[in-house]
Amino acid sequence: MIPYSRQELNRDDIDAVLAVLESDFLTQGREVPAFEAGLADYVGASHGVAVNSATSALHLACLVLGVGAGDRVWTSPVSFVASANCALYCDATVDFVDIDPATGNMDPDVLAVRLREAAGKDALPKVLIPVHYAGQPCDMSAIADLAREYGVGVIEDASHALGSAYQGERVGGGHYSDITVFSFHPVKMITTGEGGALVTNDQTLADRARILRSHGITRDPSVVENLDQEPWRYAQLELGFNYRMTDVEAALGLSQLRRLDRFLASRRHHANAYLEAFADGPVTTLQQRSGTESSWHLMSVQVQPDIRGELFRRLRADGIGVNVHYTPIYWQPFYRRLGFSTGYCPGAEQFYHRAISLPLHTQLTEDERQWVVSSVIHHAESLMGV
Ligand SMILES: *Cc1c(COP(=O)(O)O)cnc(C)c1O
C-alpha cells in the first residue's frame, strides 16, 4: 500500500539518535534546547518550546493565554480532534467556525459575522485556533485584524504547516498570532516519533509554557529561595504536567530539520505534478490563495460526493493508501454528546463529503505518483460514467 504520508529517515538521523543513546542524558540534556533554538530560528520566532506532542503544545498554548473555566475557544471543524480537545482540557467550551470549501481553511467572512454576534451577546471567545489545512496558511491577515478588533487571542495550529509561508514569511514568525503550534508525528513535515512544539515571540508565554511542561516546576535562582545554600531545591509554582520531549526525540528532530528544505522541495514537486495532472478534472484540487506557500502536508482533493466512497474503496484495492481529512470534529460521538448536530457548519460538511487525500510524501516515486494519477482518473471517470 502506498501510504498517504510517511516519514523519511536517513543514516544521519539514526546516528544522531544513537549518539544520544550513548550519552549521559536521554532527557533534560542539551538536545532539546538545541532543537528548540533550531526550530525557532527556522520559522523566525524568538522562542521555541518542545513538548511530547502537538496536542500537549495546544494544551499549554491555551493555558498560557489564560484559557480557563467559563472561557470560549473557537477552532475549525475541518481538523484533527486535538485542535478542539485542548479547549476542553482547560475546562473551557469549544465552538466551530465554518471553513471556505475552496481551501478547507477557516473563512474570515464567517468569523466576522460570528464575532459580531458574539460581541452583542457578551459571548466572545478568549482564543481562536485557525488550522492551516493541508499546509496552506489561513488568511491570517484578516483573522488577526478581527482578533485585534475584538481582543481575542490567536493560536495557529500549524501541525500541517512547518515550512509554509504567508505573505513571504514563514508560518510561526508570529506576526498574526500569539503562539504557533507544530507537530512532529511521522506523517507530518518532519518527525521526532511523537512530538510537538510551540513557538512565540513573547518571553513570558514561553517561560510559563516551559514551567507547565515540567510539572509546574522551576529551578530559576531568582524564584527559588535559598538556592545558593541548598542547591537541591526547586519550586513547584503551579499544577503542571510531564509534557517533556526526550533528548532522543530532539536529536532526531534537529537532524530532520536540516533536511526540511529538501522535504519541502520534494513535496512541492509531487504536488505540482498532481495539480497539472488534474487541471482538467475529474477531481478538483484545493484553491491556493495568492500570498500563501503550502508545505504540502496533504494532497487533499475534492470529488463528486456520490462517487467518493466507491472511489476510496477502488483506490485502496489498487494499493493506494488514500485517506479522508477530516470528518467534521463535531460529528464525533463525543462532540455530539456536547450538543452539536449535523448541519452546524455546512461548508465543512460539503468539504468532508467530497474530500479524499492522495499519497504525497518525500518517498513517493515518479512511477507511484503516475500510478495514483492514472488510477484516480480511470476510476473517477468510470464512476461518473464519462
Ligand atoms: C497531527 C495534528 C495534531 C496533533 O498532533 P500530535 O503531535 O499527534 O499531538 C493537531 N492538529 C492538527 C491539525 C494535526 O494535524
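> What exactly am I supposed to notice about the sheet that holds strand β7 (residues 153–157) here?
Pairing within the open sheet is mixed, and its seven strands lie in the order β1-β11-β10-β7-β6-β2-β3. With partners counted over all chains shown, the strands left at the sheet margins are β1 (47–51) and β3 (93–96), one partner each. Neighbour-to-neighbour, the strand axes of the sheet open up by a mean angle of 20°, direction not taken into account. Direction of pairing for strand β6 (residues 127–129) relative to β7: parallel, over a ladder of two bridges. Note that in β7 the partner of L128 across the bridge is V154. In the packing of helix α3 (residues 54–64) onto the sheet, contacts are made with β1, β6, β7, β10 (179–183) and β11 (196–200), and the angle to β10 comes to roughly 165°. Relative to the sheet, helix α4 (residues 82–89) contacts β2 (72–75), β3, β6 and β7, its axis offset from that of β3 by approximately 150°.

> Quick question: what am I supposed to make of a nonpolar patch on the surface here?
There is a patch of nonpolar side chains on the surface, built from I14, L18, L21 and L26 and spanning about 330 Å² of accessible area. Within the secondary structure, I14 is located in helix α1 (residues 11–21). Judged by its relative accessible area of 36%, I14 is partly exposed.

> Please explain the sheet that holds strand β15 (residues 292–293) as it appears in this structure.
Taken together, the three strands give an open sheet; going across it, the order is β9-β8-β15, and neighbouring strands pair in antiparallel fashion. The open sheet terminates on both sides in strands that have one partner only, identified here as β9 (169–170) and β15. The pairing of strand β8 (residues 165–166) with β9 spans two bridges and is classified as antiparallel. Note on β9: the bridge partner recorded for A165 is R170.

Reading guide: rules and limits
- Residues numbered from 1 in each chain as written.
- Predicted model: local features only at pLDDT ≥ 70, side-chain atom pairs only at ≥ 80, totals over all residues.
- Heavy atoms only, no water.
- Pairing = 2+ DSSP bridges.
- Helix = DSSP H or I, 4+ residues; strand = E, 2+ residues; numbered from the N terminus.
- Axes fitted to C-alpha atoms, helices over the stretch in contact; angles between N-to-C directions.
- Contact = heavy atoms within 4.5 Å.
- Patch = residues over 30% accessible without salt bridge, like charges linked within 9 Å, V, L, I, M, F, W, Y side chains within 5 Å.
- Areas by Shrake-Rupley, 256 points an atom, 1.4 Å probe, with all protein chains shown as cover.
- Salt bridge = Lys/Arg side-chain N within 4 Å of Asp/Glu carboxyl O.
- Buried < 20%, exposed > 50% of the residue type's maximum accessible area, 1.4 Å probe, protein only.

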